[in-house]
Amino acid sequence: MKILVTGGAGFIGSAVVRRAIADGHAVVNLDALTYAACLDNVASVAEAPGYAFEHADIRDRVALDRVFARHQPDAVMHLAAETHVDRSIDGPGAFVETNVNGTFHLLEAARAHWQSRGRPEGFRFHHVSTDEVFGSLGATGHFTEDTPYDPRSPYSASKAASDHLVRAWGATYGLPVVVSNCSNNYGPYHFPEKLIPVVILNALAGRPIPVYGDGSNVRDWLYVEDHAEALLTVLQRGAVGRSYAIGGGNERSNLDLVRTICAILDDRRPRTAGPHADLITFVSDRPGHDARYAIDATRIRDDLGWRPSVTLDQGLARTVDWYLDNAKWWQALLDRDGVGRRLGAGA
Ligand code: NAD
Ligand code: DAU
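Residues numbered from 1 in each chain as written. Chains lettered and ligands numbered in written order. Predicted model: local features only at pLDDT ≥ 70, side-chain atom pairs only at ≥ 80, totals over all residues. Heavy atoms only, no water.

Some details on the nonpolar core
Formally: Remark: nonpolar core denotes a set of buried residues (Ala, Val, Leu, Ile, Met, Phe, Trp, Tyr, Cys) joined through side-chain atoms within 4.5 Å. Buried, partly exposed and exposed residues are distinguished by accessible area as a fraction of the type maximum, computed with a 1.4 Å probe on protein chains only: under 20%, between the cut-offs, and over 50%, respectively. Counting from the N terminus, the helices are DSSP H or I runs at least four residues long and the strands are E runs at least two residues long. Should any heavy atoms of two residues lie within 4.5 Å, those residues are counted as being in contact.
Residues Val-5, Tyr-51, Met-77, Ile-246 and Ile-300 are the most contacted members of the largest nonpolar core, which totals 42 residues. Of all the secondary-structure elements, those providing two or more residues to this core are strand 1 (2–6), helix 1 (11–22), strand 4 (75–78), strand 6 (177–182), helix 7 (224–237), strand 11 (243–246) and helix 9 (298–304). Beyond its immediate chain neighbours, meaning those up to four positions away, Tyr-51 contacts Val-17, Ile-21, Val-27, Asn-29, Val-42, Val-45 and Ala-46. Within the second largest apolar cluster, 34 residues are counted, among which are Tyr-35, Ile-261, Trp-329 and Trp-330.

Written out as structure tokens, the structure reads:
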């Protein structure tokens, strides 16, 4: 297949690009190169014969039409988005513009392309979304594909809106769409504004490790390369019009997770001043902080045969080792806007 991947210079998009090229697909990586992008993430495939890069913005319909006309993709995997909840609290406008309006323009460009090719049944528009559209769980229960939408942050509201647009384009125009809603990813190339890289880099620098509130919020963690495999599975075998909840079955409170990372670092890089966990510092909570996310991934497991390959403990050890071995990658990102600062505190 020739796959147009949007957001392929970001964290998950780049894992999808690397995996798709390894699987023998051709890939057009369309990315606006925002603060969150890094072309080093795809350096390993940049010279592959099936790879092309297009510097374009999904809010720019003219640019999108040009990319579709030039490359004639068989499928779209839409990952381009503003993705950081804390930034959405400080500046929600960019989230509405890219996640809502940008998705609208991409849907229209994809529809025009699909119609111009005679509406091929095999065409796919795969919208990559998040479990955050379902809101916040209490101590029990799991999100499924049938959980009612209840987004609570500007980020999750903008993603929920984009999910609705994608489904509407499927129902109204017959565009062959598929949606996936995934839990928290982690792994190599995770931008240093999200919890796990913040913990690793602050611990290595001997700086306070910020834990929001009391650290009791629970996330369900999935290794990014397992997510990339799940996404390619959904693209190729998912049923048109369906959605798939994707998760690792790895629930952990933030405080437990941070302590686990600190223990791995104590093993790899012991600190003379004391255990890394001594750096844990409780800071003011995120406004509207969702208490718990947990995914019931029965559908993708039973219908499509996907399951994660890595446990959380294995994946965290791999991730810490990757950051230790790839200091050049993250050091180049430390002066990007907002990195190293508390974001989203002052709603
Ligand atoms: P990221 O922030 O690391 O990367 C986003 C990429 O999109 C960047 O390369 C950026 O340059 C690009 N981009 C942003 N605005 C754009 C625009 N207007 N036009 C073109 N490109 C633009 O994001 P990520 O964490 O890799 O997430 C990718 C997708 O997966 C998002 O849609 C996100 O909502 C979804 N998702 C993320 C997670 C997670 O844990 N990170 C979990 C579930 C779903
Ligand atoms: O669930 C999927 C979502 O996971 C994706 O859709 C988002 O794009 C992605 O950013 C992620 O959202 P979270 O808000 O869960 O991730 P984040 O890494 O920002 O925070 C994880 C948890 O850790 C959350 O409960 C807030 C907390 N946290 C975060 C940071 C950055 C801290 O305690 N300290 C921190 O410094």
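Digging into helix 10 (residues 312–325)
As a reminder of what qualifies: In this analysis, the expected span of each helix is defined as 1.5 Å times one less than the number of residues it contains.
The end-to-end C-alpha separation of helix 10 is 20 Å, in line with the 20 Å expected for 14 residues at 1.5 Å each. Among the residues of helix 10, Leu-312, Gly-315, Leu-316, Ala-317, Thr-319, Val-320, Trp-322, Tyr-323 and Leu-324 are the ones counted as buried. Summarising the contacts, the buried residues of helix 10 are in contact with strand 7 (185–186), helix 6 (195–205), strand 10 (222–223), strand 12 (251–253), helix 8 (254–268) and helix 11 (327–331).

A few points about the site of ligand 1
Here is the rule we go by: In this text, near means that some heavy atom of the residue lies within 4 Å of the molecule or strand in question. Note on areas: Shrake-Rupley with a 1.4 Å probe; residue coverage comes only from the protein chains shown. For this classification, the nonpolar set comprises Ala, Val, Leu, Ile, Met, Phe, Trp, Tyr, Cys and Pro, the charged set comprises Asp, Glu, Lys and Arg, and every other residue, Gly included, is treated as polar.
Within the structure, ligand 1 sits among 30 residues, and Ile-12, Asp-31, Thr-83, Tyr-155 and Lys-159 are positioned closest to it. For ligand 1, the protein covers 96% of the area, taking 840 Å² as the surface of the free molecule. Residues belonging to the shell around ligand 1 are distributed by class as follows: 15 nonpolar, eleven polar and four charged.

Here we look at the site of ligand 2
Short version of the rule: The term polar contact refers here to a pair of N or O atoms within 3.5 Å; inside protein, the definition further demands a hydrogen-donor-capable atom paired with an acceptor-capable atom, and it admits residues adjacent in sequence only when both atoms are side-chain atoms.
Taken together, 22 residues lie near ligand 2, and Thr-130, Asp-131, Tyr-155, Arg-286 and His-289 sit nearest. Contact distances for ligand 2 include 2.8 Å between an oxygen atom and a side-chain N or O atom of Asn-254. Computed on the free molecule, ligand 2 has an accessible area of 700 Å², of which 94% lies beneath the protein chains in the complex. With three residues, the top contributor of residues to the shell around ligand 2 is strand 8 (residues 209–212). Looking at the shell around ligand 2 residue by residue, the classes come out as eight nonpolar, eight polar and six charged.

Comments concerning the pattern of salt bridges
The condition is simple: What counts as a salt bridge is simple: a side-chain nitrogen of Lys or Arg found within 4 Å of a carboxyl oxygen of Asp or Glu.
Inspection of every chain in the model, using the stated rule, returns 18 salt bridges. The partner of Glu-54 in a salt bridge is Arg-66, with the nearest N and O atoms 3.8 Å apart. Taken as a pair, Glu-54 in strand 3 (residues 51–55) and Arg-66 in helix 2 (residues 61–71) lie far apart in primary sequence, twelve residues in all. Residue class for Glu-54 comes out buried when judged on its relative accessible area of 8%. Counted as one network, the salt bridges with shared partners bring together Glu-54, Arg-66 and Arg-70.

Concerning the packing of helix 6 against helix 10
Condition: Interaxial angles span 0 to 180 degrees and are taken between N-to-C directions of axes, which are lines fitted to C-alpha atoms, for helices over the stretch in contact. By definition in this entry, angles of less than 35 degrees are roughly parallel, angles greater than 145 are roughly antiparallel, angles of 65 to 115 are roughly perpendicular, and the rest are oblique. Two helices crossing with the near one rotated counterclockwise from the far one by less than a right angle form a left-handed crossing, whereas a clockwise rotation gives a right-handed crossing.
One way to put it is that helix 6 packs onto helix 10 with a least axis distance of 11 Å and a crossing angle of 55 degrees. When the interaxial angle is binned, helix 6 and helix 10 end up oblique. Every pair of crossing elements has a handedness; the one defined by helix 6 and helix 10 is right-handed. In this structure, helix 6 contributes Ile-196, Pro-197, Ile-200, Leu-201 and Leu-204 to the contact, and helix 10 contributes Leu-316, Thr-319, Val-320, Tyr-323 and Leu-324. Residues that form the contact of helix 6 with helix 10 fall into these classes: nine nonpolar, one polar and no charged.

Considerations on the sheet that holds strand 6
Our working definition: When DSSP finds two or more bridges between a pair of strands, those strands are recorded as paired.
Strands sit in the order 3-2-1-4-5-6-11 across an open sheet of seven strands; the sheet is parallel. A single partner strand is all that each edge strand has here, and the edge strands are strand 3 and strand 11. Along the sheet, successive strands turn relative to each other by an average axial angle of 20 degrees, direction set aside. With six bridges joining them, strand 5 (residues 124–130) and strand 6 adopt parallel strand pairing.

Things to note about the packing of helix 8 against helix 10
In helix packing, the relevant descriptors are the interaxial angle and the interaxial distance, both defined with respect to the helix axes. Put simply, helix 8 and helix 10 touch, their axes get as near as 10 Å, and they point 55 degrees apart. In terms of orientation, helix 8 and helix 10 fall into the oblique class. Considering only the axes of helix 8 and helix 10, their crossing is right-handed. Contacts between helix 8 and helix 10 involve Leu-257, Thr-260, Ile-261, Ile-264, Leu-265 and Arg-268 from the former and Leu-312, Asp-313, Leu-316, Ala-317, Val-320, Asp-321 and Leu-324 from the latter. Grouping the amino acids of the contact of helix 8 with helix 10 by side-chain chemistry returns nine nonpolar, one polar and three charged.

Brief notes about the packing of aromatic side chains
We count it as follows: Any Phe, Tyr or Trp ring, taking Trp's six-membered ring, that has another such ring centre within 6.5 Å forms a pair; planes under 30 degrees apart are called stacked, those over 60 apart edge-to-face, and the others tilted. In our convention, an over-ring charge means Lys NZ or Arg CZ found within 6 Å of a ring centre and within 35 degrees of that ring's normal.
On inspection of all chains with the given rule, the structure shows 14 aromatic pairs. Feature note: the residues Phe-134, Phe-143, Tyr-149 and Tyr-293 constitute an aromatic cluster, connected by ring pairs. Sitting over the ring of Tyr-35, Arg-87 keeps its end group 3.7 Å from the ring centre. Of note, Arg-219 hangs over the ring of Tyr-293, and the distance from its end group to the ring centre comes to 3.9 Å.

Function cannot be read off these values alone, since they describe shape.
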